[in-house]
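Listed here are the chains, written in short residue letters.
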Amino acid sequence: MNTKSEMLTLLENEFNRWEALIGSLSEPQITNPNFIGTWTIQDVLAHLMAWQTRSIARLEAAQMNKDPEFTSWRVQPQPDPIDNSDEINAWIYATYRDAPWTDIHRCWVAGYQRFLQLAQTIPEKDLLDPQKYPWMFGQPLMAVLQSSYDHHHLEHLEPLLALLRRQGRLSTP
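Sequence positions are assigned chain by chain, starting from 1 and proceeding in written order. Note on the predicted model: pLDDT of at least 70 is required for a residue's local features to be given, and 80 or more for side-chain atom pairs to be given and counted; whole-chain, interface and lining totals, by contrast, use all residues. Calculation of side-chain values draws on the structure's entire complement of heavy atoms; hydrogens and water are dropped beforehand.

(A) Representation of the overall build of the protein chain. Secondary structure elements follow DSSP: runs of H or I no shorter than four residues count as helices, runs of E no shorter than two count as strands, and numbering proceeds from the N terminus. A count of helical and extended segments in the protein chain gives seven helices and zero strands. Listing each helix as α and each strand as β along the protein chain from the N terminus yields α-α-α-α-α-α-α. The globule rule is 2.2 Å times the number of residues to the power 0.38, and the radius of gyration it is compared with is taken over C-alpha atoms. The C-alpha atoms of the protein chain give a radius of gyration of 17 Å, which matches the 16 Å a tight globule of 173 residues would have. Viewed in the frame of its principal axes, the protein chain has a C-alpha envelope of about 45 × 35 × 25 Å. For the protein chain, the residues scored as buried account for 43% of the 173 residues in total. The long-range fraction of contacts in the protein chain, counting pairs at least 24 apart against all pairs at least 6 apart in sequence, stands at 68%. On the protein chain, roughly 9100 Å² of surface is accessible, and the fraction owed to carbon and sulfur atoms is 51%. Charged residues are defined here as Lys and Arg on the positive side and Asp and Glu on the negative side; His and the ends of the chain fall outside this count. By convention, the point assigned to a charge is CZ for Arg, NZ for Lys, CD for Glu and CG for Asp. For the protein chain, the distance from the average site of its 14 positive side-chain charges to the average site of its 21 negative ones is 2 Å. Exposed residues in this analysis have more than 50% of their type's maximum accessible area, buried residues have under 20%, and partly exposed residues fall in between, with area computed by a 1.4 Å probe over protein chains only. Residue contacts are defined here by distance: any two heavy atoms, one from each residue, within 4.5 Å place the two residues in contact. The Shrake-Rupley method, run with a 1.4 Å probe, gives the accessible areas here. Residue values count only the displayed protein chains as cover.

Following this line, the structure appears as C-alpha cells:
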C-alpha cells in the first residue's frame, strides 16, 4: 500500500493526465458517440464524476467523524456495489447523457479537487487504520483513494488512451 503522500501524488498526476487528454481534444471529439463506441468521453467523465461523489462522502464523513451521507441515486448500490454496478452505470449514463459538456467537466474538476483537498486533511494514520471507520467494514480509508485512482486510471484512462492510439487520434508518448 502507498503512503498518503505517494497516493496523493498519483491522484494529482492522474488528474493532470485527464486534463491534458481533454485539452488535446475538441468538444466534438469529447461528445461524439461514434468516437469511442456507445459512450462518449463526456459519458466516461460523467460516470467518474458520479462515482466520485461517493468517495467524497466517505472522506467528508472521516473528516467530520460521522457516517457517510451519500447523495441519493435512483438506483442504490448494494453493500457490494459490484453486485449491481451495471444497473447503476446505466442509470448514471441515462442521468447525465444530455447534460452540457461544460457542466460535466466543471463538476468533475470541482469534485476531483474537493476529493484531493479532503484527502490531504486526513492524517495518514487514520487513512491506514482498518478499524478507524466502522462503515469501511475492516478496510482502511486509503482503499477509497486507491480505488478512485484505479477507477480513473486502470479502468478508464489507460483503455481510453490505448483506443485513441489504435484509432490514430493520439500519438504514443
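From this point, the discussion proceeds with the structure in view.
(B) Helix α1 (residues 4-24), seen in detail. Given a helix with a known number of residues, its expected span is that number minus one, times 1.5 Å. Given a rise of 1.5 Å per residue, 21 residues ought to cover 30 Å, and the 30 Å separating the end C-alpha atoms of α1 matches this to within 8%. Listing the buried residues of α1 in full gives Lys-4, Met-7, Leu-8, Leu-11, Glu-14, Phe-15, Trp-18, Leu-21 and Ile-22. All buried residues of α1 project into a common sector of 150° when viewed along the axis, lining one side. Packing partners of the buried residues in α1 comprise α2 (27-31), α3 (41-64), α5 (101-121), α6 (124-128) and α7 (142-166). Arc, as used here, means the arc of the directions from the helix axis to the C-beta atoms.

(C) Region of interest: the nonpolar core. Put simply, buried Ala, Val, Leu, Ile, Met, Phe, Trp, Tyr and Cys residues joined by side-chain atoms within 4.5 Å make one nonpolar core. Ranked by internal contacts, the top residues of the largest apolar core, which has 41 residues, are Leu-11, Trp-18, Leu-45, Leu-59, Trp-108, Leu-141 and Leu-145. Of all the secondary-structure elements, those providing two or more residues to this core are α1, α3, α5 and α7. If you tally residues by element for this core, the top one is α3, at ten residues. Discounting chain neighbours no more than four positions away, the residues touching Leu-145 are Met-7, Leu-11, Leu-59, Phe-115, Ala-119 and Leu-127. If you look at the next biggest cluster of nonpolar residues, it comprises seven residues, including Trp-51, Ile-88, Trp-91 and Ile-92.

(D) Representation of the packing of aromatic side chains. Within 6.5 Å between ring centres, the rings of Phe, Tyr and Trp (the latter by its six-membered ring) count as paired, and their orientation is classed by plane angle as stacked under 30 degrees, edge-to-face over 60, tilted in between. What the rule picks out here adds up to seven aromatic pairs. Note on Tyr-112 and Phe-115: the rings are 6.5 Å apart at their centroids and 70° apart in plane angle, and the pair reads as edge-to-face. Taken together, the residues Tyr-112 and Phe-115, both in helix α5 and three residues apart, mark about one turn of the helix. A connected cluster of aromatic rings, assembled from ring pairs, spans Phe-15, Trp-18, Trp-108, Tyr-112 and Phe-115. Directly above the aromatic system of Phe-70 lies the positively charged group of Arg-54, at a separation of 3.8 Å from the ring centroid. Distance and angle both matter: a charge sits over a ring if NZ of Lys or CZ of Arg is within 6 Å of the ring centre and within 35 degrees of the ring normal.

(E) The packing of α1 against α5, seen in detail. The geometry of α1 relative to α5 is characterised by a closest axis approach of 10 Å and an angle of 165° between their N-to-C directions. Taken together, the axis directions place α1 and α5 in an arrangement best described as roughly antiparallel. The handedness of the crossing between α1 and α5 is left-handed. Where α1 abuts α5, its residues Lys-4, Leu-8, Leu-11, Glu-12, Glu-14, Phe-15, Trp-18, Glu-19 and Ile-22 lie against Trp-101, His-105, Trp-108, Val-109, Tyr-112, Gln-113, Phe-115, Leu-116, Ala-119, Gln-120 and Thr-121. For the contact of α1 with α5, the class distribution of residues is twelve nonpolar, four polar and four charged. To obtain an axis, a line is fitted to C-alpha atoms, over the contacting stretch when the element is a helix, and the angle between two such axes runs from 0 to 180 degrees between their N-to-C directions. Throughout this description, any angle smaller than 35 degrees is read as roughly parallel, any larger than 145 degrees as roughly antiparallel, any in the 65 to 115 degree range as roughly perpendicular, and the remainder as oblique. The hand of a helix crossing depends on one turn: near helix anticlockwise from the far one by less than a right angle means left-handed, and clockwise means right-handed. Throughout this entry, Asp, Glu, Lys and Arg are counted as charged residues, while Ala, Val, Leu, Ile, Met, Phe, Trp, Tyr, Cys and Pro are counted as nonpolar. The remaining residues, Gly among them, count as polar.

(F) Broad picture of the environment of Asp-86. Position of Asp-86 among the secondary structure elements: in helix α4 (residues 85-96). Separated by 23 residues in sequence, Asp-86 and Gln-63 have C-alpha atoms that sit 30 Å apart.

(G) How the structure looks around the pattern of salt bridges. By salt bridge we mean one thing: a side-chain nitrogen of Lys or Arg within 4 Å of a carboxyl oxygen of Asp or Glu. Applying the stated criterion to the full structure yields six salt bridges. Measuring nitrogen to oxygen at the nearest pair gives 2.9 Å for the salt bridge that ties Asp-103 to Arg-106. You can see Asp-103 and its partner Arg-106 sitting in helix α5, three residues apart, about one turn around the helix. Across the salt bridge formed by Lys-132 and Asp-126, the nearest N and O atoms sit 4.0 Å from each other. Residue Lys-132 is classed as partly exposed on the basis of its relative accessible area, which comes to 34%. Overall, Asp-126 belongs to the buried group, its relative accessible area being 10%. Here the salt bridges do not stand alone but share partners, grouping Lys-125, Asp-126 and Lys-132 into one network.

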